[in-house]
Amino acid sequence: SLILFSLSCRAQVAGLSTLSVLDRSSSARTAGLGMDYLALYDDDIAISLDNPSFIDRRFDQQILLNYVGMFRGVNMGAVAYGKHFDKYGDFLFGIKFNSYGLFDGYDETDHPTGKFYAADYAFSIGWGRHIDSCFSLGVNLKPTLSQYESYTAFALALDLAGSYTSRNKQFAATLMARNIGAQLATFDGNVEKIPFELSAALSYRLENAPF
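(A) Local environment of the pairing of strand β7 (residues 151–165). The sheet contact formed by strand β6 (residues 135–148) and β7 spans 14 bridges and is antiparallel. Bridging from a neighbouring strand, G138 pairs with A161 of β7. Between β6 and β7, which pair antiparallel and follow one another directly, the connecting turn spans two residues, one of which, E149, has a positive phi of 55°. Pairing of β7 with strand β8 (residues 171–185) involves 11 bridges; the strand directions are antiparallel. Note on β8: the bridge partner recorded for Y164 is A173. Where β7 hands over to β8, the hairpin turn is made up of five residues, of which K169 adopts a positive phi near 65°.

As structure tokens, this is what we get:
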């Protein structure tokens, strides 16, 4: 059993964000616990996709496959692969996607222009390193693409995280800055803010709990 605590500060996004995929959790487990990343050191590769300070050799050659099918062709998911390199350290390569289905296109005179898809993609290249047996650091580089019919938006974001894990692995704490970056290409020339977030989280695993 776990006790979790999280404190976060978010920047407001003007209007409807085209980069909402940056705020989506990687799995049902992290979403169910109510946060986009976790201060939880265990063998779940999805946690390290959201919190790069937990990337290490445990996930060498592990694969994450996560898919959620919704109504009318809408679906979302995440794919990730961990790899250890003796020379460069531990990496996690991933992608999150939101696919909104197939649409019927029309011009300003209401004439059909054909069908088109709309989707958001957040790619991820994560790197983690243990400073010692308790402290670790990590970084995620996240190129993000939104493709709606013939309109495209592109952003580049960065996550920075540092974590402390007790030697018995029962207590963990994380400080993380998410989505540092900017939108580089826009749909209509209006640059939207990336959903920046500064967060702190704690978790404690109880040895004997009645639940």
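(B) View of the pairing of strand β5 (residues 112–130). Bridging between strand β4 (residues 89–106) and β5 involves 15 bridges; their strand directions are antiparallel. Bridging across to β5, F97 finds its partner in Y121. Where β5 and β6 come together, 11 bridges link them in antiparallel fashion. Within the sheet, the bridge partner assigned to Y121 lies in β6 and is L145. The turn joining β5 and β6, which pair antiparallel and follow one another in sequence, is formed by four residues.

What counts, and at which threshold
Residues numbered from 1 in each chain as written. Predicted model: local features only at pLDDT ≥ 70, side-chain atom pairs only at ≥ 80, totals over all residues. Heavy atoms only, no water. Pairing = 2+ DSSP bridges. Helix = DSSP H or I, 4+ residues; strand = E, 2+ residues; numbered from the N terminus.

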